[in-house]
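Below are the chains, spelled out letter by letter.
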Amino acid sequence: MRLDVVTIFGEYLQPLQLSLIGKAQAQGLLDVRVRDLREHTHDRHRTVDDTPYGGGAGLLMKPEPWGEALDAVLADPPEDADPRGPVLVVPSPVGEVFTQRAAVELAAEPWLVFACGRYEGIDARVVEHYRTRVRVREVSLGDYVLNGGEVAVLAITEAVARLLPGVIGNAASLTEESHAPEHDGLLEHPAYTKPASWRGLDVPAVLAGGNHAAVERWRRDEALRRTATRRPDVLARLDPERCDARDLAV
Ligand SMILES: COc1ccc(Cn2ccc3ccc(-c4cc(N)[nH]n4)cc32)cc1
C-alpha cells in the first residue's frame, strides 16, 4: 500500500517509522511518502494561510498550495493504483467518525492520500475540486477538537496498516479484537494472563478449566455484557441473526 501525506508538520509523522509500521515499510508492505505543503508556495514567506471570507476568528489554509501539492501527488501514481485513483482522506472535525469498518474499507485500497490541515482547516474548494477527480473521505476521530490532521493520520494509518497481510504477526488475533466485524463489532471480553492470583484477585476459574465451549460462552457473555454497559450504541447494531437466545438474555 502506498500512503502519501501532505502536511506542514512532517515531523509529526515520524512515529510511522517506528515499530510494526516502520517494519512494514522496511518489508515493502507500506510505502509512506510525506510531502511538505510549503514546497508548493512561491512567496518569500512560504504562506499557506489567510483570513477567512466573511470574517471570523482564526486563519484558513489557502487552496493554491493544496492544489499544486495534490496534483503533484496524483501525477505520480503507484503501479497498482485503482483506475479510480486513490482515496483522498481529509481529517476534519466535521467528517464521518472513523470506525473499524472504515479501517477495513481503506485497508482494501492500494493507495491512500492524506491531506493534513492546520489552522481552522482548508479552504472548502479543495475538497470540492478533488471530489470531481478522486474519491474523497472527510474523517473525524471523534467528537473532540484537535489542532490539525496529523494525529488523525497517525491513528488512521495504524488502524489501516495493521490490517494489511504480513504486518501483524498473528493475523488470527485481528478477528478476535474489539470492533472486529468477525466479532459482531462487540467490545472484547476481559483478558488475563499468569499469575492465576494477583493481589487477591483471581483469574475466572472457567478460563483455567480446560472446557473450551465454556470458555467461549464466558467470553461471549462478557463481550455482550461489556458492550451493553459501555457501548449500547454498538449493541443496538448487533445482527439478531447472529445471536442465540443466551446472547439476548445477557
Ligand atoms: C471549525 O473548527 C475547527 C476546525 C479545525 C480545527 C483544527 N484542525 C485543522 C485541521 C484539522 C483536521 C482535523 C481536526 C480534528 C479531527 C477531529 N476528530 N477533531 N479535530 C482538526 C483540524 C479546529 C477547529
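For the structure, check the block above.
No experiment lies behind these values; they were computed from the predicted model shown.

Cut-off values and rules
Residues numbered from 1 in each chain as written. Predicted model: local features only at pLDDT ≥ 70, side-chain atom pairs only at ≥ 80, totals over all residues. Heavy atoms only, no water. Near = heavy atom within 4 Å. Polar contact = N/O pair within 3.5 Å; in protein donor to acceptor, adjacent residues only side chain to side chain. Helix = DSSP H or I, 4+ residues; strand = E, 2+ residues; numbered from the N terminus. Nonpolar A, V, L, I, M, F, W, Y, C, P; charged D, E, K, R; others polar. Pairing = 2+ DSSP bridges. Axes fitted to C-alpha atoms, helices over the stretch in contact; angles between N-to-C directions. Contact = heavy atoms within 4.5 Å. Buried < 20%, exposed > 50% of the residue type's maximum accessible area, 1.4 Å probe, protein only. Right-handed = clockwise from strand over helix to strand, strands pointing away.

Peer 1: If you had to explain the site of the ligand to someone new, which residues and values would you point to?
Peer 2: Looking at the ligand, there are 17 residues lining it, with Y119, S140, L141, Y144 and L146 nearest. In the model, a nitrogen atom of the ligand is placed 3.1 Å from a nitrogen or oxygen of the S140 side chain. For the ligand, a nitrogen atom lies 3.2 Å from a polar atom in the backbone of G142. It is strand β5 (residues 87-97) that provides the largest number of residues to the shell around the ligand, a total of three residues. Of the residues that constitute the shell around the ligand, the class distribution is seven nonpolar, eight polar and two charged.

Peer 1: Describe in detail the sheet that holds strand β7 (residues 135-140), supporting the description with residues and values.
Peer 2: Sheet architecture is open: five strands sit in the order β2-β1-β6-β5-β7, paired in parallel fashion. Looking along the sheet, the strands with just one partner apiece sit at the ends: β2 (31-36) and β7. Strand-to-strand, the axes of this sheet are offset by a mean angle of 30 degrees, without reference to chain direction. Contacts between helix α2 (residues 63-74) and the sheet are confined to β1 (2-7), β2, β5 and β6 (111-115), with β1 contributing the most and set at about 165 degrees to the helix.

Peer 1: Tell me about the pairing of β5, and name the residues and values.
Peer 2: In this sheet, β6 lies alongside β5 in parallel orientation, the contact comprising three bridges. The partner of V87 across the bridge, within β6, is L112. Bridge count between β5 and β7: seven bridges; the pairing is parallel. Across the sheet, the residue bridging to V97 is S140, located in β7.

Peer 1: So what's going on with the pairing of β1? Which residues, and what values?
Peer 2: Counted residue by residue, β1 has six buried out of six residues, so it is predominantly covered. As defined by bridge partners, β1 adjoins β2 across six bridges and the pair is classed as parallel. If you follow R2 over to β2, its bridge partner there is D31. Each parallel crossover has a hand, and the one from β1 via helix α1 (residues 19-26) to β2 is right-handed. Pairing analysis gives five bridges linking β1 to β6, with the strands arranged parallel. Residue pairing for β6: V5 is matched across the bridge by F114.

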